[in-house]
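In case you want the letters, here they are:
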Amino acid sequence: MKIQRSLHRWAIPVVTIFSLSLVAQQTAPAQQVVATEAPEVELVMPPPESVQADISEIDLDAIVRVEVDTKQPNYRVPWNVGGMGSGNGTGFLIGKNRFLTNAHVVSNGRLIYIKKVSDPRPYKAKVVNIAHDCDLALLELESEEDYENSFENVEPLYIGGIPKLNTTVIAVGYPIGGERISVTRGVVSRVDFRTYSHSGVDNHLTIQVDAAINPGNSGGPVLQSNQVVGVAFQGYSGSVAQNTGYMIPVPVVERFLKDVEDGEYDFYVDIATSTLGILNPAQRQALGLPNNSVGVMVCEPDAAGSAGGILKPKDVLLSIDGHTIFSDGFIDIDGERVDMNEVIERKFAGDTVSLEVWRNQQQIDIEVELKRFIPYTIQANQYNKQPQFVLFAGLQFQPVDRSVMTSHSISDLQTRYYYTYFSSDEIYREKPQVIVLTAVLPDSVNTHLRSYVHKVVESINGKKIRLLQDVYDAFYKPNSEPGRDDFHVIRLVGEGRPLVLKRDEAAVAHDRIKAKYNVGFTSHIEEPEILELGDLIKQTDEEPAAEEPEKNQ
C-alpha cells in the first residue's frame with residue numbers, strides 16, 4: 001500500500017498552535033539543508049481565569065438570534081418544491097450593518113430574521129456573502145432605517161487572536177431550549193485541522209473546546225478577554241464524545257472577511273498535489289538527497305490543480321515560501337510546527353507560492369499561481385441549488401454528486417468508482433458530468449427496466465453523454481443510432497444490452513406519465529462549474545460505435 005500525504009486542503013493533517021504571522025526563512029540548497037532543533041520557547045503564564053473569562057465590555061445587543069425559514073431540495077423527486085423547515089442560530093455584529101454567522105445557519109434560507117436580546121421585534125435580513133467551504137456568512141438588515149434605529153449605537157465585537165491551550169473561553173448564543181441568550185464556559189483543549197461538516201470535504205484550522213456547543217449556538221462568538229477568538233460551528237453528538245465542541249478560529253474568519261472585501265467570495269485555493277514523506281535513507285540516496293530529514297516527494301499533481309503541468313512526479317519539495325519542508329510534511333513558523341498546507345490556506349486566488357524543488361539531481365526554483373480546485377466539489381454538500389435532472393418517458397437522469405449519491409442510496413460499484421475517483425483519475429476530462437439513470441417512474445412503456453437503475457449513461461441515440469444537456473438533446477433532437485430510427489437506444493456503462501424504448505410509444509407515454517405523477521416540469525439544467533477548466537475538458541463530438549442491427553434469418 002502506498003502511503004501519501006496530501007497538499008489537498010481536504011486532507012486531514014495534524015498541526016500544533018501557530019502564530020498569525022508568516023516569517024520568511026531562507027533555505028540552503030538541498031545538499032546543505034540540515035534539520036534544525038526546535039528553538040527554545042519561553043513559557044509564559046496565561047492571565048488569571050477571571051481575566052480570560054471577562055465579557056464585561058461586551059455589548060450583548062451585538063449578539064443576535066438568527067431565525068431562518070428554509071426550503072430543502074428533493075433530489076429523489078427533483079421536480080417537487082421540496083420540504084419546508086425552520087431553524088435558528090446566532091450571529092454577531094462586526095461592523096456597520098454586517099453580522100457574521102455560519103453558512104449552515106442560513107443555507108437554503110428563504111426568509112431570514114434577526115432579533116436583539118433587548119428587543120422582541122424581528123428585523124428582516126439577507127445574505128450578503130456566503131462561503132460554504134469554510135462555513136461562514138455575512139448578513140445585513142434589508143432596511144437601512146431598521147439598522148439605524150436599532151443598532152446604530154451598538155458596539156460591534158472586536159476580533160482578537162488565537163487562544164492558547166488550557167485557557168478559558170466563553171461561548172455566547174441562542175441554543176435549543178429558549179429564546180434568551182445563553183453563556184457557557186469551556187477550556188481550549190486542541191488546535192487542529194479538521195473536516196468542516198457543512199461541506200463535508202473541506203479541512204481548515206479548528207479549535208476544540210469543552211464548552212457546550214449545541215444547535216442554535218452555531219454562528220455565535222466565542223469570547224476571551226472581551227474579544228472574539230472564534231465562531232462556534234460544530235460539535236460531537238451522541239455517545240461519540242463528551243463536551244466536545246469546535247469553533248472556527250480567527251485566521252479563517254479574517255481570511256473570509258478579506259476575501260469578500262470586493263463584494264465577491266472567491267473560494268479557497270489549492271495546489272492539489274499529493275506528496276509522500278521521504279524517510280527511508282535508501283530512497284533518499286536514490287533521489288540524490290542527503291539524509292537530513294528534509295523534503296517530501298510529489299506523487300501526482302492534479303492536472304486541474306494549481307501545480308498541474310508545473311510540478312512532476314518524483315519532484316522533491318524542499319521549501320515553501322522560504323520555510324523548510326521536513327520529511328513528515330511539516331514546516332516551522334515562528335517556532336511552531338505546522339503542516340505545510342497552512343501556507344496555502346492563507347493565500348487567495350491569483351497569489352503565488354514559491355517552491356524550492358529537487359528535480360533530476362539539481363535544485364530549481366518554481367513559482368505556482370494559486371487557484372480554486374473545482375473537481376473535488378462533486379463530493380461536497382450542495383446548498384441553495386435546484387436539483388438538476390432530465391425526465392423522459394419515466395426515465396429520470398441526474399448528474400452524480402454527493403446529494404444524488406446519498407438521496408438515492410446508490411451502491412452500484414461502477415457508479416461509485418466514477419464518483420469517488422472523479423478527481424484523482426481525472427474522469428472529468430472525458431465526462432465533465434457523470435450522468436446516471438436514478439429512477440424509473442413505472443409505466444407500461446418502461447416495464448422491466450429496474451436493473452438499469454443507478455447505472456452510468458454512456459450514450460443515448462448514438463450521442464455520447466458527457467453533460468446533462470446531452471441527455472436532453474439526445475431525446476429532443478433528431479438523433480438515432482444507424483438502423484434504429486424507430487427506437488430510443490440508451491447504452492449504460494458495464495451493461496452489454498442497451499435500454500430500448502419504442503420512439504412513438506415513448507412520446508405518447510411521456511405526457512401520460514407527467515399527468516400520472518404530477519410532474520410540473522421535466523428538466524432543470526445548469527452549466528456546470530467544471531467547464532471552467534477549459535482545455536482540460538476534451539471537446540469531442542465522436543459518437544460511440546453502434547452495433548449492427550440484427551437481421552431476420
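Note on numbering: residues in each chain are counted from 1, in written sequence order. Residues qualify for local features only when their pLDDT is at least 70, as the model is predicted, and side-chain atom pairs are given and counted only at 80 or more; totals for whole chains, interfaces and linings, by contrast, use all residues. Hydrogens and water are ignored here; the side-chain numbers use all heavy atoms of the structure.

Draft legend 1. Representation of the overall build of the protein within the structure. A count of helices and strands for the protein gives 10 helices and 29 strands. Type-normalised accessible area, obtained with a 1.4 Å probe on protein chains alone, sets the label of each residue: buried when under 20%, exposed when over 50%, and partly exposed for intermediate values. Burial statistics for the protein: of 553 residues in total, 52% are counted as buried. In what follows, a contact means two residues having at least one pair of non-hydrogen atoms within 4.5 Å. The contacts in the protein between residues at least 6 apart in sequence include a share of 67% that link residues at least 24 apart. To be clear on the numbers: accessible area is Shrake-Rupley with a 1.4 Å probe, and residue cover counts the displayed protein chains and nothing else. Summed over all atoms, the accessible surface of the protein reaches about 25600 Å², with 48% contributed by carbon and sulfur. For helices the rule is a DSSP run of H or I covering at least 4 residues; for strands it is a run of E covering at least 2, with both sets numbered from the N terminus onward.

Draft legend 2. How the structure looks around the nonpolar core. If you look at the biggest cluster of nonpolar residues, it comprises 61 residues, and the most contacted ones within it are Val66, Ile114, Cys134, Leu136, Phe151 and Phe256. The domain limits used here are those given by an automatic or database domain assignment. Two domains each put at least three residues into this core: domain 1 (2–57 + 158–262) and domain 2 (61–150). For Phe151, the residues in contact, after removing those within four places along its chain, are Asp61, Val64, Leu93, Phe99, Ile114, Lys116, Tyr123, Leu141 and Asp146. Grouped together as the second largest cluster of nonpolar side chains are 27 residues, Ala272, Met405, Tyr419 and Val493 included. Nine residue types can take part in a nonpolar core, namely buried Ala, Val, Leu, Ile, Met, Phe, Trp, Tyr and Cys, and a core is a set of them joined through side-chain atoms within 4.5 Å.

Draft legend 3. The arrangement of the environment of Leu318 in detail. Counting through the fold element by element, Leu318 comes out in strand β16 (residues 316–320). Judged by its relative accessible area of 1%, Leu318 falls in the buried class. When the C-alpha positions of Leu318 and Glu356 are compared, they lie 5.3 Å apart, and in sequence the two are 38 residues distant.

Draft legend 4. Geometry of the environment of Arg429. Checked against the element boundaries, Arg429 lands in the loop between α8 (413–420) and β24 (435–440). Under the relative-accessibility criterion, Arg429 is labelled partly exposed at 23%. It is 5.6 Å that separates the C-alpha atoms of Arg429 and Lys538, two residues lying 109 residues apart in sequence. Setting aside its immediate chain neighbours within four residues, Arg429 contacts Ala303, Arg466, Leu536, Ile537 and Lys538. Two N or O atoms count as a polar contact when they lie within 3.5 Å, although within protein this holds only if one can serve as hydrogen donor and the other as acceptor, and sequence-adjacent residues are included solely when both atoms are side-chain atoms. Side chain to side chain, Arg429 and Glu426 meet in a polar contact 2.7 Å long.

Draft legend 5. Region of interest: the packing of aromatic side chains. A pair of aromatic rings is counted whenever rings of Phe, Tyr or Trp (Trp by its six-membered ring) have centres within 6.5 Å, and the orientation is called stacked for planes under 30 degrees apart, edge-to-face for over 60 and tilted otherwise. One pass over the structure, following the stated rule, counts 16 aromatic pairs. Measuring from centroid to centroid gives 5.8 Å for Phe256 and Tyr265, while their planes differ by 55°, and the two rings are tilted. What makes Phe256 buried here is its relative accessible area of 1%. Connected via pairs of aromatic rings, a cluster forms that spans Phe392, Phe397, Tyr472, Phe475 and Tyr476. Only Lys NZ and Arg CZ are tested; either one counts as a charge over a ring when it is within 6 Å of the ring centre and within 35 degrees of the ring normal. Positioned above the aromatic ring of Tyr268, the side-chain terminus of Arg255 is 4.0 Å from the ring centre. Over the ring of Phe267 we find Arg372, and its NZ or CZ is 3.7 Å from the ring centre.

Draft legend 6. Expanded view of the confidence of the model for the protein. Mean pLDDT over the protein: 85, with 87% of residues reaching 70 or higher. Each residue carries a pLDDT score, the predictor's confidence in it, ranging from 0 to 100. Mean pLDDT in the protein bottoms out at strand β1 (residues 5–6), which sits at 40, and peaks at strand β23 (residues 395–399), which reaches 97. Low confidence marks residues 542–553, where pLDDT is under 50. Its contacts with residues over four positions away, or in another chain, come to 16 contacts.

Draft legend 7. Structural context of the pattern of salt bridges. Should a side-chain nitrogen of Lys or Arg be within 4 Å of a carboxyl oxygen of Asp or Glu, the pair is scored as a salt bridge. Under the definition given, this model contains 22 salt bridges. Residue Lys431 pairs with Glu458 through a salt bridge whose shortest N-O separation is 3.6 Å. One end of the pair, Lys431, is in the loop between α8 and β24; the other, Glu458, is in strand β25 (residues 457–460), and 27 residues separate them in sequence.

Draft legend 8. Focus on the layout of surface pockets. As a volume, the largest pocket reaches approximately 810 Å³. Each cavity reported here is a set of points on a 1 Å grid over the protein atoms alone in which a 1.4 Å probe fits but cannot get out, each pocket an open set with protein on both sides within 12 Å along at least five of seven lines, and each lining residue one with an atom within 4 Å of a point. Contributing to the lining of the largest pocket are 37 residues, with Arg372, Thr377, Gln382, Lys385 and Glu529 lying nearest its centre. Classification used: nonpolar for Ala, Val, Leu, Ile, Met, Phe, Trp, Tyr, Cys and Pro, charged for Asp, Glu, Lys and Arg, polar for all others including Gly. Here the residues of the lining of the largest pocket are counted per class, giving 20 nonpolar, nine polar and eight charged. Counting residues domain by domain, the lining of the largest pocket receives three or more from each of domain 2 (61–150) and domain 4 (388–552). Grid points are joined across faces, edges and corners, and a volume is the space filled by probe spheres set on the points.

Draft legend 9. Inspection of the side chain of His204 at higher detail. Following the sequence through the fold, His204 ends up in strand β10 (residues 203–209). The exposure class assigned to His204 is buried, which follows from its relative accessible area of 0%. For His204, the side chain forms a polar contact with the main-chain oxygen of Asp133, separated by 2.8 Å.

Draft legend 10. Just the sheet that holds β23, in detail. Across the sheet, which stays open at both edges, the four strands sit in the order β24-β23-β22-β29 with antiparallel pairing between neighbours. Edge positions in the sheet fall to β24 and β29 (523–524), since each has one partner strand and no second. DSSP bridges decide pairing: two strands pair if at least two such bridges lie between them. Two strands pair when backbone bridges link them, and strand β22 (residues 389–392) and β29 are joined in this way by two bridges, in the antiparallel orientation. Bridge pairing in β29 places Phe389 opposite His524. Each of β22, β23, β24 and β29 touches helix α9 (residues 468–476); the most contacted strand, β22, lies at about 20° to it. Each axis is a line fitted through C-alpha atoms, taken for helices only over the stretch in contact, and angles between the N-to-C directions span 0 to 180 degrees.

Draft legend 11. Highlighting helix α4 (residues 250–259). With seven of 10 residues buried, α4 is to be regarded as a mostly interior element. Every buried residue belonging to α4 is among Val250, Pro251, Val252, Val253, Arg255, Phe256 and Asp259, and all of these are buried.

Draft legend 12. Molecular detail of the pairing of strand β7 (residues 136–141). Across the six residues that make up β7, a large majority, six, are buried. Here β7 shows no split at all, with Leu136, Leu138 and Glu140 on one side and Ala137, Leu139 and Leu141 on the other all buried. In terms of strand pairing, strand β4 (residues 98–101) meets β7 through three bridges, oriented antiparallel. Bridging across to β7, Leu100 finds its partner in Leu138. Sheet topology note: the strand β6 (residues 119–131)/β7 ladder contains six bridges and is antiparallel. Directly across from Asn129, in β7, lies its bridge partner Leu138. The turn linking β6 back onto β7 is made up of four residues, and Asp135 within it adopts a positive phi angle of 60°.

Draft legend 13. The sheet that holds strand β28 (residues 499–502), seen in detail. Pairing in this open sheet of four strands is antiparallel, and the strands run β26-β25-β27-β28 from one edge to the other. Each edge of the open sheet carries a strand with a single partner, namely β26 (463–464) and β28. By the bridge criterion, four bridges tie strand β27 (residues 487–492) to β28 in an arrangement that is antiparallel. Residue Phe487 lies in a different strand from β28, and its bridge partner there is Lys502. Running over the sheet, helix α10 (residues 503–516) touches β27 and β28 and is turned about 80° from β28.

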